[in-house]
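What the coordinates show
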Amino acid sequence: MKLNQYDIQTHFNGEVCAFPYQSLNSESEFFFPDTSIFAIRLSNRLRPQERTLEMEFWDEADISRFSAELLKHPTNTLDLDDGFLYDIVYRGGNVSTTQVWNHYYTVSYPVYAIQKGTLITTRLTKQTSVLRILGTWETSCRITILPKHDLNEFTINDMTVRNLKQDVPFVIDGIRKLVEAEGVNRFMDTNIIKFPSFQPGTHVVRLSEPMDVVIDYYPIYM
């Protein structure tokens, strides 16, 4: 089990006791027309799970090091070896700590959590391809274009990118919210107004010409 690639047992001298499941919350906005008894949903926003990470440590120094790591990052990655990854953020408030028989400590951290699968990579090479997205909720994706030659313009569905150079990957990263090539911000060389994402299911991806395009994403689960 790991927190941010650190083995919890060997690096923090700790153990995960429990991480009880809680479904994701959603917030919806509705419109009630005068001519119908049915509500029309205008928007639906997903909220993260509110979970409690229950830990055991052998001494206070271990608690301090784990807590510091949890608070150091805007988002932490928790791997419990259960087939999922969890993006967790400490929710704030008091951390419940109990010493058991002067031997070890139990600590409860309230966190927000997003449950996701491991990274899935799909390579597209045809002008028209079918892309299957796993999970149960919309997920952000990273699109990497690998140009075989210089291009003034290239399109992926309704997304257009410009000034592509041969063998220079052009990355539109909806996961980290950036557009870059060779480490340079290239947002102005696109027409995007929203970073790419996909709903679960099957999608048709059309390219303006055959090209190597790699799509990475983490399946999101409620």
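Above this note sits the structure.
Residues numbered from 1 in each chain as written. Predicted model: local features only at pLDDT ≥ 70, side-chain atom pairs only at ≥ 80, totals over all residues. Heavy atoms only, no water.

Details of the overall build of the protein
- Scanning the protein for helices and strands turns up two helices and 22 strands.
- Compactness check: the protein gives a C-alpha radius of gyration of 22 Å against a globular reference of 17 Å for 222 residues, more than 25% above the reference.
- The buried share of the protein, reckoned over its 222 residues, is 36%.
- Expressed as a percentage of contacts within the protein between residues at least 6 apart in sequence, the contacts between residues at least 24 apart total 67%.
- For the protein, the accessible area works out to roughly 13,000 Å², and carbon and sulfur atoms hold 50% of it.
- Each charge class in the protein can be summarised by its mean position, and for the 21 positive and 28 negative side chains these summaries are 6 Å apart. (Helix = DSSP H or I, 4+ residues; strand = E, 2+ residues; numbered from the N terminus. Rg over C-alpha atoms; globule rule 2.2 N^0.38 Å. Buried < 20%, exposed > 50% of the residue type's maximum accessible area, 1.4 Å probe, protein only. Contact = heavy atoms within 4.5 Å. Areas by Shrake-Rupley, 256 points an atom, 1.4 Å probe, with all protein chains shown as cover. Lys, Arg positive; Asp, Glu negative; His and termini not counted. Charge placed at Lys NZ, Arg CZ, Asp CG, Glu CD.)

A look at the nonpolar core
- Residues Ile-143, Ile-145, Phe-154, Ile-156, Phe-170 and Val-213 are the most contacted members of the largest nonpolar core, which totals 25 residues.
- Counting only elements with at least two residues in this core, the list comes to strand S12 (128-133), strand S13 (139-146), strand S14 (151-156), strand S15 (159-164), strand S16 (170-173), strand S17 (178-181) and strand S21 (212-217).
- Those residues in contact with Ile-156, other than ones at most four positions away along the chain, are Ile-143, Ile-145, Val-205, Arg-206, Leu-207 and Val-213.
- Within the second largest apolar cluster, 21 residues are counted, among which are Leu-3, Leu-80, Tyr-86 and Val-111. (Core = buried A, V, L, I, M, F, W, Y, C linked by side-chain atoms within 4.5 Å.)

Things to note about the environment of Gly-117
- By the element assignment, Gly-117 lies in the loop between strand S10 (104-116) and strand S11 (120-124).
- Gly-117 sits in the buried class, given a relative accessible area of 6%.
- C-alpha separation for the pair Gly-117 and Tyr-86, spaced 31 residues apart in sequence, amounts to 8.5 Å.
- Apart from the residues lying within four places of it in its own chain, the contact partners of Gly-117 are Leu-85, Tyr-218, Pro-219 and Tyr-221.

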